[in-house]
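Here is how the chains run, residue by residue.
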Amino acid sequence: MKLDILVIAAHPDDSELACSGTIASHIDQGYKVGVLDLTKGEMGTRGTPEGRILEARNAAEVLGLSIRENLGFKDVFFKDDYDHQIQLVKYLRKYKPEIVLANAVSDRHPDHGKGGALATKSCFMSGLIKIQTDWNGEIQEPWRPRFVYHYIQNNYIKPDFVVDVTDYWDKKMNSIKAFKSQFYDPESQEPESFISSAEFLDFIEARGKEFGHSINVKYGEGFTVERMIGVSDIFDLK
Ligand SMILES: [Zn+2]
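Model, not experiment: these values are computed from the prediction.

Caption draft 1: Main features of the coordination of the zinc ion. Distances from the zinc ion to its protein donors, His-11 (ND1), Asp-14 (OD) and His-112 (NE2), fall within 2.0 to 2.1 Å. Owing to a relative accessible area of 4%, Asp-14 belongs among the buried residues under this scheme.

Caption draft 2: Structural context of the nonpolar core. Membership of the largest hydrophobic core comes to 34 residues, with the highest contact counts inside it found for Val-7, Ile-23, Leu-101, Tyr-151 and Phe-183. Sorting the residues of this core by element identifies strand E1 (5–9), helix H1 (14–28), strand E2 (33–39), helix H2 (49–63), strand E7 (147–151), helix H5 (169–177), helix H6 (198–214) and strand E9 (220–225) as the ones contributing at least two each. Not counting residues within four places of it along the chain, the set of residues in contact with Leu-101 comprises Ile-5, Leu-6, Val-7, Ile-8, Cys-19, Tyr-149, Tyr-151 and Phe-223.

Caption draft 3: Fine view of the pattern of salt bridges. A complete count under the given rule lists eleven salt bridges for this structure. The closest approach of N and O atoms between Arg-68 and Glu-16, which form a salt bridge, is 2.7 Å. Residue Arg-68 is located in strand E3 (residues 67–73), and its partner Glu-16 is located in helix H1; the two are separated by 52 residues in the primary sequence. The pair formed by Arg-68 and Glu-16 is uniform in burial state, with each residue classed as buried. A salt bridge links Lys-209 to Glu-205, with the shortest nitrogen-to-oxygen separation between them at 3.9 Å. Taken together, the residues Lys-209 and Glu-205, both in helix H6 and four residues apart, mark about one turn of the helix. Here the residues in one salt-bridge network are Lys-2, Glu-98 and Arg-146, joined through shared partners.

Conventions adopted
- Residues numbered from 1 in each chain as written.
- Predicted model: local features only at pLDDT ≥ 70, side-chain atom pairs only at ≥ 80, totals over all residues.
- Heavy atoms only, no water.
- Donors = N, O, S within 2.8 Å, 3.2 Å for Na, K, Ca; no water.
- Buried < 20%, exposed > 50% of the residue type's maximum accessible area, 1.4 Å probe, protein only.
- Core = buried A, V, L, I, M, F, W, Y, C linked by side-chain atoms within 4.5 Å.
- Helix = DSSP H or I, 4+ residues; strand = E, 2+ residues; numbered from the N terminus.
- Contact = heavy atoms within 4.5 Å.
- Salt bridge = Lys/Arg side-chain N within 4 Å of Asp/Glu carboxyl O.

Below, the structure written as structure tokens:
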């Protein structure tokens with residue numbers, strides 16, 4: 001299956017927190033969107049790897065993703081090296097996305113910056129004809145996505161562009177709440193974590209409003225680019 005957009009995320013829930021409004025909006029416009037989670041988030045304070053896989057599946061259903069896969073890299077300890085890059089290259093060549101949405105270029109959690117860099121490098125390498133890969137014994141064609149955009153996560157980064165996600169905000173929050181073990185639940189017996197307080201979801205809401213306000217809409221999601229983006233018609237800019 002060919003995808004229009006592939007979201008690459010260090011942890012299940014990264015894509016929901018940072019760019020699920022953009023995902024939902026583009027699925028609504030008819031694009032095929034998939035998510036590739038690099039790890040099962042097994043080092044997270046709350047929940048279990050098996051539970052998070054189920055939660056990720058539920059969130060995928062809320063958003064209407066075409067595919068969601070988990071590469072099973074080691075949470076916290078995965079490396080941005082040959083073995084990990086080549087695995088990502090295989091998935092990029094399998095799904096042939098036009099656009100890749102990757103982790104923030106730097107963030108509080110070191111996996112985010114590392115995951116973002118790993119995704120960028122793999123997208124470039126995937127286009128190199130002399131890097132040969134196969135999928136179940138079948139030789140893969142090289143494929144380079146046209147763009148890699150980095151979503152913004154916990155730490156504030158000034159976006160290079162903002163997507164209006166006003167109409168998809170409720171869907172975004174529902175996809176986040178699909179990760180029941182991770183976020184605020186007054187009934188939960190699990191230990192408190194950085195993201196389990198009621199205030200954390202208030203922060204997500206505030207960040208969405210802040211980015212939305214910057215483009216005169218109610219809710220927005222911000223992205224950064226590594227290479228300059230352009231338009232032929234400046235009326236395409238909002
Ligand atoms: Zn994360």
